[in-house]
Amino acid sequence: MLLHVPQVFTRDEVRRIRQALEEADWQDGRITAGYQSAQTKHNLQLAEDDPLAREISEAMLARLWQHPLFMSAALPHKVFPPLFNCYTAGGHFGFHVDNAVRQVRNSAERVRTDLSSTLFFSDPDEYDGGELVIEDTYGSQRIKLPAGDLVLYPSTSIHKVEPVTRGARFASFFWTQSLVREDAQRALLFEMDQAIQSLTRDVPDHPALVRLTGNYPSLLRRWVAV
Ligand code: NI
């Protein structure tokens, strides 16, 4: 399941984060690439222990943990600390699949990558190219979202970032280990949660709603695997 989560940050917040990112200490993006993806990765990245990266990523995760759409779709157990990248001057990242497990720097913690997320910090009209292309069950999706918006997709998807031929594309990306490992089960729970929420709005007194609502935690309990 591929999901667009709008307005994780407001326009004003995005503007302030962007200003800070433009003056950040950018390094070669191959620092976090595996052997194979290092061959096709051409971008800039902030170091994992960069203080600015840590500050923004904490704000991002705090925001996402309160975001009903993200929580319902991702059912997060834990997250690999968000990384930040910048594509400019032809920068791109060829087709690849993300590593299955990531080791958190200076920690024994490991995160299974069930879901990948990209949060855009540049608006589509600020750069040419730079689409995130995701090979989905339903074909190829070309993603280029407003600054402040996030796309969530299964980490098993093959994906790439097209060359940026004008301007700069700032973004953050991170991986989530979900409480529910299988994408199909997670998608079903998400659909059910969304349906329950709309029935709760439209027919709050219907007696069947209590039974239906009760099925959600029963299914979740059955499928939680961390
Ligand atoms: Ni990737």
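Below, the structure is looked at part by part. Here, residues in each chain are numbered from 1, in the same order as that chain's written sequence. Reporting in this predicted model follows two pLDDT cut-offs: at least 70 for local features of residues, and 80 or more for side-chain atom pairs to be given and counted; totals over whole chains, interfaces and linings ignore these cut-offs and use all residues. For the side-chain quantities, the full set of heavy atoms in the structure was used; hydrogens and water were omitted.

**A short note on the side chain of Glu-162**
As a reminder of what qualifies: Under the DSSP-based scheme used, a helix requires at least four consecutive residues in state H or I and a strand at least two consecutive residues in state E, with every element numbered from the N terminus. Between buried and exposed lies partly exposed: a residue is buried under 20% and exposed over 50% of the maximum accessible area for its type, with that area taken using a 1.4 Å probe on protein chains only. Whenever two N or O atoms come within 3.5 Å, that pair is a polar contact, provided that in protein one can donate a hydrogen and the other can accept it, and provided that, for residues adjacent in sequence, both atoms are side-chain atoms. Any two residues whose heavy atoms approach within 4.5 Å are treated as being in contact.
Along the chain, Glu-162 turns up in the loop between strand E15 (159-161) and strand E16 (164-166). The class for Glu-162 is buried, based on a relative accessible area of 17%. A distance of 3.1 Å separates a polar atom in the side chain of Glu-162 from a polar atom in the side chain of Arg-142. Not counting residues within four places of it along the chain, the set of residues in contact with Glu-162 comprises Gly-91, His-92, Gly-130, Glu-131, Val-133 and Arg-142.

**What to know about the layout of surface pockets**
What counts, and what does not: As defined here, a cavity is a set of points on a 1 Å grid over the protein atoms alone where a 1.4 Å probe fits but cannot get out. A pocket is an open set with protein on both sides within 12 Å along at least five of seven lines, and residues line them when an atom is within 4 Å of a point. Grid points are joined across faces, edges and corners, and a volume is the space filled by probe spheres set on the points. Any residue outside Ala, Val, Leu, Ile, Met, Phe, Trp, Tyr, Cys, Pro, Asp, Glu, Lys and Arg is labelled polar, Gly included; the first ten of those are nonpolar and the last four are charged.
Here the largest pocket is characterised by a volume of approximately 240 Å³. Together, 14 residues line the largest pocket, and Thr-113, Asp-114, Ser-155, Thr-156 and Arg-181 are the ones closest to its centre. The residue inventory of the lining of the largest pocket, partitioned by class, reads three nonpolar, four polar and seven charged. The computed volume of the second largest pocket comes to approximately 190 Å³. Residue lining of the second largest pocket: Phe-9, Glu-13, Arg-16, Ile-17, Ala-20, Leu-52, Glu-55, Ile-56, Ala-59 and Arg-63, and that is the complete set. Put simply, the parts of the chain that give the lining of the second largest pocket at least two residues each are helix H1 (11-22) and helix H3 (51-64). Broken down by element, the lining of the second largest pocket gets its largest block of residues, five residues, from H3.

**Let's talk about the packing of aromatic side chains**
Counted only if it meets this: Pairing of aromatic side chains here covers Phe, Tyr and the six-membered ring of Trp, requires ring centres within 6.5 Å, and sorts the geometry by plane angle: under 30 degrees stacked, over 60 edge-to-face, intermediate tilted. Two conditions define a charge located above a ring, namely a distance within 6 Å from the ring centre to NZ of Lys or CZ of Arg, and an angle within 35 degrees of the ring normal.
On inspection of all chains with the given rule, the structure shows seven aromatic pairs. Judged by centre distance (6.2 Å) and plane angle (55 degrees), the ring pair of Phe-70 and Phe-174 falls under tilted. Taken as a pair, Phe-70 in helix H4 (residues 68-74) and Phe-174 in strand E17 (residues 168-178) lie far apart in primary sequence, 104 residues in all. Judged by relative accessible area, Phe-70 falls into the buried class, the value being 0%. One aromatic cluster is present, formed by Phe-9, Phe-84 and Phe-121 through successive ring pairs. Between Arg-102 and the ring centre of Phe-80, over which it is positioned, the NZ or CZ distance is 5.8 Å. We note Lys-144 situated over the ring of Tyr-127; from NZ or CZ to the ring centre the distance is 4.4 Å.

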